Amino acid sequence: MKQLKSLTMLALMLLMGVTMTSCFSDDTESTYDNGGIVHVRSVMGISYFEDQAGNTYYPTQESLNSFIANNPGFDLSDYRMANILYKWVDNGEGSGQASSGTQSPRRYDINLVYFSPVDVITVETVSDQATLESSIAETAPVLPLDGGYTEAGIPGYYDENTIVTLLGYYLTSLTTDIKNKHKVRVACVDEEIQSGSAELTLYVRHDRGDDNGTTNYYNNYTGLDVRNVISYFRQKAGQYPARIVLKAKTTGYATTTLPTGYTTYTVNYKAPTE
């Protein structure tokens, strides 16, 4: 069997974008000033980005037009999260300055130079282990959630409603029709939550459909929307979880065979201040 090479530098490669070119820079300057994973927000027809601290980033229409020109139908409102790179807009206050006041969180104007959608999965709740097995199909493993690099900080806490992880799997082809045959769902089990529980366990389950291929692999940042399960956990346990544990059947080999045991990843949860 072919072994998957370590994805040690994947997180950095996804952020570097060193081969990109941008109409907002010349040959003597960097193609971007900053970047990261953000929420995509849309209010009254206006779309913008929000980071985990609540700072907002408004892309200029000029920079959005360049994406629309290369991707007809591109619309920020179609997405929930994204991995972006951008250049600061020169607003007369110097690079990286807020475009309105000095309040916190702050608003910034940016020229968007790179955009990659981040998948978002809403975590479900099932009653017991038997229901987990019968109602959420699991027919193939996923790739390591940390990309094979334990110090990458992923899976990791993003904000009170979101955990960010890598999530991927082997498949025949990267074409859309093949990729859409694969379904990944994430669920917690109600019977495992007891009064006073401090740990919330989430099970990552991958169904490959009728795709038996392993010649390619898909792997991308993914946001786990834990808003509903955190609310339910708090109601039943009487407190916020101290930790969120992700359990997944993972592989570093080109195979569709499920391992017998789980790989476990622990994320410390930061409860909101009330």
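So, here is what we can say about the structure in this document.

Structural notes on the overall build of the protein chain
Then step 1. Within the protein chain, the secondary structure is distributed over five helices and 13 strands.
Then step 2. Counting over 274 residues, the protein chain shows a buried share of 47%.
Then step 3. Contacts in the protein chain between residues at least 24 apart in sequence constitute 75% of all its contacts with a sequence separation of at least 6.
Then step 4. Summed over its atoms, the accessible surface of the protein chain is roughly 13900 Å², and 47% of this surface lies on carbon and sulfur atoms.

Here we look at helix α5 (residues 227-237)
Then step 1. When we look at burial in α5, the residues that qualify are V229, I230, F233 and A237. All buried residues of α5 project into a common sector of 100 degrees when viewed along the axis, lining one side. In α5, those exposed residues whose orientation departs by more than 90 degrees from the buried face are N228 and Q235.
Then step 2. Positive backbone phi, at 85 degrees, marks G238, one or two positions downstream of α5.

What about empty space enclosed by the protein?
Then step 1. Summed over all chains, the structure comprises one cavity of 30 Å³ or more.
Then step 2. Taken as a whole, the largest cavity encloses approximately 30 Å³ of empty space.
Then step 3. Every residue lining the largest cavity is listed: A140, P141, Y170, H206, R208, T255 and T256.

Things to note about helix α2 (residues 61-70)
Then step 1. Of all the positions in α2, only S63, L64 and F67 are classed as buried. Summarising the axial view, the buried residues of α2 lie within an arc of 100 degrees, below the 170-degree limit, and thus occupy one face. Those residues of α2 that are exposed and aimed more than 90 degrees away from the buried face are E62 and A69.
Then step 2. On its buried face, α2 is in contact with β3 (56-59) and β5 (107-122).

A short note on the nonpolar core
Then step 1. Within the largest apolar cluster, 30 residues are counted, with the highest numbers of intra-cluster contacts made by L145, L200, L202, V204, L224, V226 and I244.
Then step 2. Elements with a minimum of two residues in this core: β8 (162-171), β9 (183-189), β10 (199-207), β11 (216-225), α5, β12 (243-248) and β13 (263-268).
Then step 3. Apart from the residues within four sequence positions on either side, L202 is in contact with V123, V186, A187, C188, V226, I244, V245, L246 and K247.
Then step 4. Judged by nonpolar contacts, the second largest core, of 24 residues, contains V40, I84, Y108 and Y158.

Concerning the pattern of salt bridges
Then step 1. Evaluated as defined, the whole model comprises ten salt bridges.
Then step 2. In this structure, the salt-bridge partner of E124 is R185, at a minimum N-O distance of 2.8 Å. A residue pair is termed long-range when its members are at least 10 positions apart, and E124 in strand β6 (residues 124-126) and R185 in strand β9 qualify at 61 residues.
Then step 3. Where D190 meets K236, a salt bridge forms, and the shortest distance between an N and an O atom there is 3.1 Å. With a gap of 46 residues between them, D190 in the loop between β9 and β10 and K236 in helix α5 connect regions that are remote in the sequence.
Then step 4. Through salt bridges with shared partners, one network takes in E133, E138 and R205.

What about the packing of aromatic side chains?
Then step 1. Under the defined criterion, the tally for this structure stands at 15 aromatic pairs.
Then step 2. Measuring from centroid to centroid gives 6.1 Å for F74 and Y79, while their planes differ by 35 degrees, and the two rings are tilted.
Then step 3. Centroid distance F74 to F115: 5.2 Å. Interplanar angle 85 degrees. Geometry classified as edge-to-face. Placement of F74 in the loop between α2 and β4 (81-88) and of F115 in strand β5 is noted, with a sequence separation of 41 residues between them.

Brief notes about the sheet that holds β10
Then step 1. The five strands are arranged β6-β9-β10-β12-β13 in an open sheet whose pairing can be described as mixed. Single-partner strands in this sheet number two, and they are β6 and β13. Adjacent strand axes in the sheet meet at a mean angle of 30 degrees when their direction is disregarded.
Then step 2. Helix-sheet contacts for α5 involve β6, β9, β10 and β12, and the interaxial angle to β10 is about 145 degrees.

Notes on the pairing of β8
Then step 1. Across the ten residues that make up β8, a large majority, ten, are buried.
Then step 2. Side chains T162, V164, L166, G168 and Y170 project from β8 onto one buried face, and the interleaved I163, T165, L167, Y169 and L171 project onto a second face that is buried too.
Then step 3. In the sheet, strand β7 (residues 156-159) pairs with β8 via three bridges, with the strands oriented antiparallel. Looking at the pairing, G156 lines up with V164 of β8.
Then step 4. As consecutive antiparallel partners, β7 and β8 are separated by two residues.
Then step 5. In terms of strand pairing, β8 meets β11 through ten bridges, oriented antiparallel. Note that in β11 the partner of Y170 across the bridge is Y217.

Scoring rules and cut-offs
- Residues numbered from 1 in each chain as written.
- Predicted model: local features only at pLDDT ≥ 70, side-chain atom pairs only at ≥ 80, totals over all residues.
- Heavy atoms only, no water.
- Helix = DSSP H or I, 4+ residues; strand = E, 2+ residues; numbered from the N terminus.
- Buried < 20%, exposed > 50% of the residue type's maximum accessible area, 1.4 Å probe, protein only.
- Contact = heavy atoms within 4.5 Å.
- Areas by Shrake-Rupley, 256 points an atom, 1.4 Å probe, with all protein chains shown as cover.
- Arc of directions from axis to C-beta.
- 1 Å grid on protein atoms, 1.4 Å probe; cavity = no way out; pocket = protein on both sides within 12 Å on 5 of 7 lines; lining within 4 Å.
- Points joined across faces, edges and corners; volume = space filled by probe spheres on them.
- Core = buried A, V, L, I, M, F, W, Y, C linked by side-chain atoms within 4.5 Å.
- Salt bridge = Lys/Arg side-chain N within 4 Å of Asp/Glu carboxyl O.
- Phe/Tyr/Trp six-rings, centres within 6.5 Å; stacked < 30°, edge-to-face > 60°.
- Pairing = 2+ DSSP bridges.
- Axes fitted to C-alpha atoms, helices over the stretch in contact; angles between N-to-C directions.

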